[in-house]
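Okay, here's what each chain looks like letter by letter:
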Amino acid sequence: MSVLVFIETEEGKIKKSSREAISYGAALGEVTALALGTVGTEELNTAGANGATKVLHVSDERLNAGLIQPYAEVLASAANHTGAEIIVTAKSSLADAVVGRVAAKLGASLVSNVVSLPDTSNGFQVKRSIYTGKAFANVSLTTDKKVLAIKKNAVEIKQDGGNAGVEAFDVNLEDNLFGAKITSTEKAEGDILLPEADIVVSGGRGLKGPENWGVIEDLAKTLGAATGCSKPVSDMDWRPHHEHVGQTGVKVSPTLYIAVGISGAIQHLAGVNSSKYIVVINKDEEAPFFKAADYGIVGDAFEVLPKLNEALKKALA
Amino acid sequence: MNILVCITHVPDTTSRIAFTNNDTEFDKNGVQFIIGPYDDYALARAVELKEQNGGKITVLNVGEADSDPTIRKALAIGADEAIRVNAFPSDSFFVANQIAAIAKDGNYDLILMGRESIDFNGGMVHGMVGELLGLPSFSPVMQLEIEGTSAKITREIEGGKEKLEVTLPFVAGCQEPIAEWKIPNMRGIMSARSKPLNVVEPTDTTTHSEISSYELPPAKGAVKMVDADNVEELVDLLKNEAKVI
Ligand SMILES: Cc1cc2nc3c(=O)[nH]c(=O)nc-3n(C[C@H](O)[C@H](O)[C@H](O)COP(=O)(O)OP(=O)(O)OC[C@H]3O[C@@H](n4cnc5c(N)ncnc54)[C@H](O)[C@@H]3O)c2cc1C
Ligand SMILES: Nc1ncnc2c1ncn2[C@@H]1O[C@H](COP(=O)(O)O)[C@@H](O)[C@H]1O
């Protein structure tokens, strides 16, 4: 089976979630990966370890920004070029915007938030997360071509593959695909991206104000974690919107989620219920979040976090 | 300005999710349904844009008759008329096809949707509709300003945001803080009763996928509490029991 995997890069590196997507694809068949814009060949080569046999690279500089229509055009062209039956991508805010178009171009079925490899014993069925992580659906895809967007952190990364050959791939992209002009980009540099992170430390209204975020950031730094927050915290502009976790924010699925001064409203839990382990620190022993936690500490964040940070530093040294 | 807003009819965000009929159907028992929260942002922004520029707002839902109270709420919030495509929204391609068919005839300057529905969280319908109509599509859109036939958009990207300049018409999947959710007032609720809600039958019944069953995640084990004076114990549990650090 021929599989095409869409690679997203971040600061010149293949995203972890794209390596998960390649690993997923490699379990299904022969993987051709596709990378867009300026990326080093050496970096693209490393897709081989995750299971890609070949990487097609469209180096057109106009693709350095994640533009939806041109990306969809390139993906569909590459799928036609390689004869791919299955197109795999990580679910991300960019991929979400792109793959609907790709599926419509190819007449392919599309399933998002996939959490399992397909069951092909009777047709082609995958398990996907629904109701913001509160349930799963088993979905059969009924067309020849299929597009799968894989939930982040749902797939173990394969590391034992070989080298991937990198080939230039040319697509003629009409100017009218570039009708949307990007006038500015604001991006936190060097930070660990929240949706990609293995560990997330999140703060809620219990932290009282943005000036107190140091305790969250220190802990995150020690753990190599990304920082997140509850909705009121981003509504009040204590933290940027892209850190807001929950039903109406980012859905995370890290191995460890540490919630500090967050009550655990059901809308917040919806964004974190796929985490492998949850630690809750709250001064109120009745906080609903404890019911969703694996480990809990009842205490004042401003006393507990510095102590925890020191203990972690010692343990990780 | 002629705006189409596509809304979903979904369980309230506090709903307990359960299934019946051998786990093949969603259990609606005791569940309150609402306009999808992201769709509600799209609608709120549409109402503001209409206040600024004049024009008309049409809301569209692909769903069965039980969607009607949700659609009436959208009319009460400020939409002028509604269309319901009378069909179970079985998969995203099916839904996109219905929306595209309606939009083709409607001459809309703007098609607003939510970034994603909160039942299936696909976040896919806006892109499909854009492609089916040959229009640009953008998502997730956090800000939207219109000036004549051009628009300024802020789109969230992982770890930040970008600003774009685009030309109408296009499709946008909206999210906060594009506008504040609007609560219908008494006048809105009264006038919603007499606004048109047109029910039409689906044009094309093609689907690309079908759901065979639903599952709930395994129940979470009990929480282990650690004393605040003994944070070393938590570190030990994370390291040696959970093995996550
Ligand atoms: C449609 C809808 C969608 C929503 N979507 C989201 C969403 O995506 N994400 C989200 O987060 N919310 C969402 N909400 C809001 C949600 O319902 C809650 O209001 C919100 O999550 C509460 O945030 P919080 O826990 O930070 O604040 P609070 O509920 O005020 O809780 C603060 C907590 O901090 C604790 N605390 C106080 N001081 C300290 C201290 N010194 N040390 C330790 N603990 C302390 C308190 O005991 C309390 O438990 C949504 C709501 C609606 C209606
Ligand atoms: N059944 C439906 N009726 C009308 N609009 C819909 C329907 N399903 C999805 N949409 C729109 O498409 C957006 C994205 O949905 P989804 O791709 O299902 O996550 C939603 O926020 C709605 O604006």
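This write-up is about the structure you can find in this document. Predicted model only: the values in this text are computed from it and were never measured. (Residues numbered from 1 in each chain as written. Chains lettered and ligands numbered in written order. Predicted model: local features only at pLDDT ≥ 70, side-chain atom pairs only at ≥ 80, totals over all residues. Heavy atoms only, no water.)

Attention shifts here to the overall build of chain A. When its secondary structure is counted, chain A shows eight helices and 17 strands. On C-alpha atoms alone, chain A measures out to a radius of gyration of 21 Å, which is about the 20 Å that the 2.2 N^0.38 rule sets for 317 residues. Expressed as lengths along the three principal axes of its C-alpha atoms, the size of chain A is roughly 60 × 45 × 40 Å. Long-range pairs, those at least 24 residues apart, make up 64% of the contacts in chain A with a sequence separation of at least 6. (Helix = DSSP H or I, 4+ residues; strand = E, 2+ residues; numbered from the N terminus. Rg over C-alpha atoms; globule rule 2.2 N^0.38 Å. Contact = heavy atoms within 4.5 Å.)

Looking now at the pattern of salt bridges. Inspection of the entire model under this criterion finds 37 salt bridges over all chains. Notably, a salt bridge pairs Glu145 of chain B with Arg45 of chain B, separated by 3.4 Å at the nearest N-O pair. One end of the pair, Glu145 of chain B, is in strand E9 (residues 137–147); the other, Arg45 of chain B, is in helix H1 (residues 37–53), and 100 residues separate them in sequence. Residues participating in the shared-partner salt-bridge network are Glu8, Lys15, Lys152 and Glu196 of chain A together with Glu158 of chain B. (Salt bridge = Lys/Arg side-chain N within 4 Å of Asp/Glu carboxyl O.)

Attention now goes to the interface of chain B and chain A. In this assembly, 79 residues from chain B lie in contact with 92 residues from chain A. Summing both partners gives a buried area of about 7,000 Å² for chain B against chain A, and 56% of it is carried by carbon and sulfur. Taken together, the connections running from chain B to chain A amount to 10 salt bridges. One salt bridge in this structure joins Glu158 of chain B and Lys15 of chain A, with 2.6 Å as the shortest N-O distance. Taken together, the connections running from chain B to chain A amount to 48 residue pairs in polar contact (both at pLDDT 80 or more). (Buried area = accessible area lost by both parts, 1.4 Å probe. Polar contact = N/O pair within 3.5 Å; in protein donor to acceptor, adjacent residues only side chain to side chain.)

Residue and element names in this part refer to chain B. Not every one of the 19 residues close to ligand 2 is listed here, only the nearest: Cys6, Asp39, Ser117, Gly123 and Met124. Side-chain polar atom of Asp39 to an oxygen atom of ligand 2: 2.4 Å apart, as the coordinates give it. One of the backbone N or O atoms of Gly123 is found 2.6 Å from an oxygen atom in ligand 2. Starting from 480 Å² of accessible surface for ligand 2 in isolation, the protein chains cover 94%. Secondary structure elements with two or more residues in the shell around ligand 2: strand E6 (56–63), helix H3 (92–106) and strand E8 (110–114). Here the shell around ligand 2 takes three residues from E6, the largest share from any one element. Of the residues contributing to the shell around ligand 2, the split by class is 10 nonpolar, seven polar and two charged. (Near = heavy atom within 4 Å. Areas by Shrake-Rupley, 256 points an atom, 1.4 Å probe, with all protein chains shown as cover. Nonpolar A, V, L, I, M, F, W, Y, C, P; charged D, E, K, R; others polar.)

What follows deals with unusual backbone geometry. Residues Leu168 of chain B and Pro169 of chain B are joined by a peptide bond in cis, for which omega reads -5°. Looking at the element boundaries, Pro169 of chain B is found in the loop between strand E11 (160–167) and strand E12 (170–174). The omega torsion across Glu176 of chain B and Pro177 of chain B is 0°, close enough to zero to call that bond cis. Tracing the chain through its elements places Pro177 of chain B in the loop between E12 and helix H5 (186–192). In this structure, Thr132 of chain A takes a positive phi of about 45° despite not being glycine. The residue Thr132 of chain A is located in the loop between strand E8 (125–130) and strand E9 (135–141) in this model. If you check the backbone angles, Asp237 of chain A has positive phi at about 65° while not being a glycine. Mapped onto the fold, Asp237 of chain A is located in the loop between helix H6 (231–235) and strand E15 (256–260). For Asp237 of chain A, a relative accessible area of 66% puts it in the exposed group. (Buried < 20%, exposed > 50% of the residue type's maximum accessible area, 1.4 Å probe, protein only.)

Residue and element names in this part refer to chain B. For E6, the tally of buried residues reaches seven of eight residues, placing the bulk of the element in the interior. Inspection of the sheet shows strand E1 (residues 2–6) paired to E6 by five bridges, in the parallel sense. Bridging across to E6, Leu4 finds its partner in Thr58. Tracing the backbone out of E6, into helix H2 (residues 68–77) and back to the parallel element strand E7 (residues 81–86) gives a crossover that is right-handed. (Pairing = 2+ DSSP bridges. Right-handed = clockwise from strand over helix to strand, strands pointing away.)

Strand order in the open sheet formed by 10 strands is E12(A)-E11(B)-E10(B)-E9(B)-E12(B)-E8(B)-E1(B)-E6(B)-E7(B)-E13(B), with mixed pairing between adjacent strands. At either end of the open sheet lies a strand with only one pairing partner, and these are strand E12 (181–187) of chain A together with strand E13 (197–200) of chain B. Averaged over all neighbouring strand pairs, the angle between strand axes comes to 25°, with direction disregarded. Pairing between E9 of chain B and E12 of chain B: three bridges, direction parallel. Across the sheet, the residue bridging to Phe138 of chain B is Ala172 of chain B, located in E12 of chain B. This element, H3 of chain B, spans E1, E6, E7, E8 and E13 of chain B of the sheet and lies at about 150° to E6 of chain B. (Axes fitted to C-alpha atoms, helices over the stretch in contact; angles between N-to-C directions.)

Turning our eyes to something else, we now look at the site of ligand 1. The environment of ligand 1 is made up of 28 residues, and the closest members are Arg205, Ser230, Ser263, Gln267 and Asn282 of chain A. More than one chain approaches ligand 1, the contributing ones being chains A and B. Between an oxygen atom of ligand 1 and a main-chain N or O atom of Thr248 of chain A, the distance comes to 2.8 Å. In this structure, Asn282 of chain A approaches ligand 1 through a side-chain N or O atom, which is 2.7 Å from an oxygen atom. Relative to its unbound accessible surface of 990 Å², ligand 1 loses 80% to contact with the protein. Only H6, helix H7 (266–269) and helix H8 (301–316) of chain A provide two or more residues apiece to the shell around ligand 1. Taken together, the residues of the shell around ligand 1 sort by class into seven nonpolar, 15 polar and six charged.

Right, let's talk about the side chain of Ser129 of chain A for a bit. Along the polypeptide, Ser129 of chain A turns up in strand E8. Setting aside its immediate chain neighbours within four residues, Ser129 of chain A contacts Asn113, Val115, Ala135, Phe136 and Lys151 of chain A together with Phe120 of chain B.

What follows covers the packing of helix H3 (residues 68–82) of chain A against helix H4 (residues 93–106) of chain A. Relative orientation and spacing of two packed helices are given, respectively, by the angle between their axes and the distance between those axes. Residues and elements named next belong to chain A. One can describe the packing of H3 onto H4 by two numbers: an axis separation of 8 Å at closest approach and a directional angle of 50°. It follows from the interaxial angle that H3 and H4 lie oblique. Considering only the axes of H3 and H4, their crossing is right-handed. Where H3 approaches H4, its residues Ile68, Gln69, Tyr71, Ala72, Glu73, Leu75, Ala76, Ala79 and Asn80 are matched on the opposing element by Leu94, Ala97, Val98, Arg101, Val102, Lys105 and Leu106. Residue classes in the contact of H3 with H4 are distributed as 11 nonpolar, two polar and three charged. (Parallel < 35°, antiparallel > 145°, perpendicular 65-115°, else oblique. Left-handed = near helix turned anticlockwise from the far one by under 90°.)

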